[in-house]
Amino acid sequence: MSEKDFIIVGQGLVGSILALTLEKFNKSFIVVDCVNETSSSKVSAGILNPISFKRCINSWKANVLNPFSISFYKETNVKLQSNDFISLDVVRIFSSYEEQNIWHSKTGDNRYNLFLSSDFDLPKSNIVFPYGGGKVNSCGRLIVKDFLSSCFNYLNKKKAIIRVNSIQKAIPKINGNYCVQNYKAKHIIYCEGLDMLNNPIFNYLPIIPNKGELLKIKCAELPNVLLSKGIFVLPNNSKNNFTIGATYDHKDKSKFPTRSAKIELLKKFNKIGDFNIKIIDQTVGFRPTTVDRRPLVGEHPILKKSYVINGMGSKGVMMAPWLVNNLIRHIIFNEALEKEASIKRHEKKLKKENIDFASQLCVN
Ligand SMILES: Cc1cc2nc3c(=O)[nH]c(=O)nc-3n(C[C@H](O)[C@H](O)[C@H](O)COP(=O)(O)OP(=O)(O)OC[C@H]3O[C@@H](n4cnc5c(N)ncnc54)[C@H](O)[C@@H]3O)c2cc1C
């Protein structure tokens, strides 16, 4: 058996970032992943945006998470010799005078003006600005699907990843080591996204699938910037290709695109201006969200050295690099875990079957 410091379960956005970060800490690892073409990461729009537009405030810990994630992805572009992360500004088109007033008052407030700006510059286009607009600085886009491929190729060359045909269930702990195929490690970290719901060790954690739909369109009249007004309009890699999104629905569990989502997205898009478009595709994915909108990070209460990192919701791109770093430093240096993200807050939800299952996994 080959001995590693860590086993990582799942190579979505979080598992990939975890692998790259462990490497920085000179820790050895093996990633085990079951390919899922419709995983949250594969469908993701990949926007890194520090602002919560609903209330025009910084999103959770944005002052810390935003600069950390941007420097992580810039460094990763160099390491992977890729261009999967692109820095972008978001142009916000105001929907009312009220929004305009709130925005302008926030640009004079030191708590928000790191990200919010009243000035923006747009090439001439059909976009309508009845109430004006503003700019969010320090945003970006990770082309998540490409990032996962770049990471896979990088890890594969180092023989640090194995692909399996179905999700790995019940990884046993034998004489203090977790064992997968020919590998053993003292620590295991589950980065399973929504598949965590099928994991009998961690499925007591309250994760809620939230369906999101996106439209891929072709349009020659849109500027090559990221626009926001109720939805995002996101320029894609190829010329005149854009993504419009996204919808949010925690009730519909079907994997199929819906007519209602298409209508909703087009209705919002038409409020941005009058454009000739051709719809190329409609995609569907599920975000791993939590009720209190905080991620889920920490060690299993019974099964020691077994960890989870999940619940990234719709902000995975900005949150994951810092949270992963926080978890690794907690494991290696015993530094404190971010309290609001810690799974300790859900310990009371642990069921008898979770405890029984965890105990069965330990051999000797
Ligand atoms: C429509 C849509 C738009 C989005 N847009 C944005 C956005 O603009 N910005 C943003 O930040 N976020 C966005 N998100 C959310 C973001 O994509 C997710 O938060 C993030 O991708 C979650 O990544 P993950 O690694 O936790 O999970 P996943 O992407 O689900 O990855 C988990 C991986 O682990 C594998 N796996 C799971 N269990 C096992 C097992 N037991 N054994 C082996 N393999 C296993 C799975 O097959 C998969 O490959 C969006 C999501 C959707 C659906």
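Everything here concerns the structure above.
Residues numbered from 1 in each chain as written. Predicted model: local features only at pLDDT ≥ 70, side-chain atom pairs only at ≥ 80, totals over all residues. Heavy atoms only, no water.

Enquirer: Which parts of the structure should I look at to understand unusual backbone geometry?
Expert: One can expect most non-glycine residues to show negative phi and most peptide bonds to be in trans. A cis amide bond links Gly 245 to the next residue, Ala 246, at an omega of -5°. Following the sequence through the fold, Ala 246 ends up in the loop between strand E16 (241-245) and helix H6 (259-270). Not every positive phi belongs to a glycine, and Gln 181 is a case in point at roughly 45°. Of note, the phi angle at Lys 305 is positive, near 65°, even though the residue is not glycine. Structurally, Lys 305 is set in the loop between strand E18 (296-299) and strand E19 (306-310). Taking relative accessible area as the criterion, Lys 305 reaches 36% and is therefore assigned partly exposed. (Helix = DSSP H or I, 4+ residues; strand = E, 2+ residues; numbered from the N terminus. Buried < 20%, exposed > 50% of the residue type's maximum accessible area, 1.4 Å probe, protein only.)

Enquirer: Would you mind going over the nonpolar core with me for this structure?
Expert: Among soluble globular proteins, nonpolar side chains are generally buried collectively. Counting residues in hydrophobic clusters, the biggest one holds 68 residues, and the most contacted among them are Phe 29, Tyr 73, Val 136, Phe 147, Ile 189, Ile 309 and Leu 323. Broken down by element, the residue count for this core peaks at 10 residues, all from helix H7 (residues 316-333). Residues in contact with Phe 29, not counting those within four places in the same chain, are Lys 4, Phe 6, Ile 8, Ala 19, Leu 22, Glu 23, Leu 155 and Ala 160. (Core = buried A, V, L, I, M, F, W, Y, C linked by side-chain atoms within 4.5 Å. Contact = heavy atoms within 4.5 Å.)

Enquirer: In this structure, what is going on with the pattern of salt bridges? I would like to understand it.
Expert: Note that side chains of opposite charge can pair when their charged atoms are close. Tallying each qualifying case throughout the model produces 16 salt bridges. One salt bridge connects Lys 79 with Glu 23, and the closest N-O pair in it is separated by 2.6 Å. Of this pair, Lys 79 sits in helix H3 (residues 62-80) while Glu 23 is found in helix H1 (residues 13-24), placing the two residues 56 residues apart along the sequence. Judged by its relative accessible area of 32%, Lys 79 is partly exposed. Close ionic contact of Lys 211 with Glu 213 constitutes a salt bridge, the shortest N to O distance being 3.9 Å. Each of the salt bridges in this network shares a partner with another, and the network as a whole consists of Glu 23, Lys 79 and Lys 158. (Salt bridge = Lys/Arg side-chain N within 4 Å of Asp/Glu carboxyl O.)

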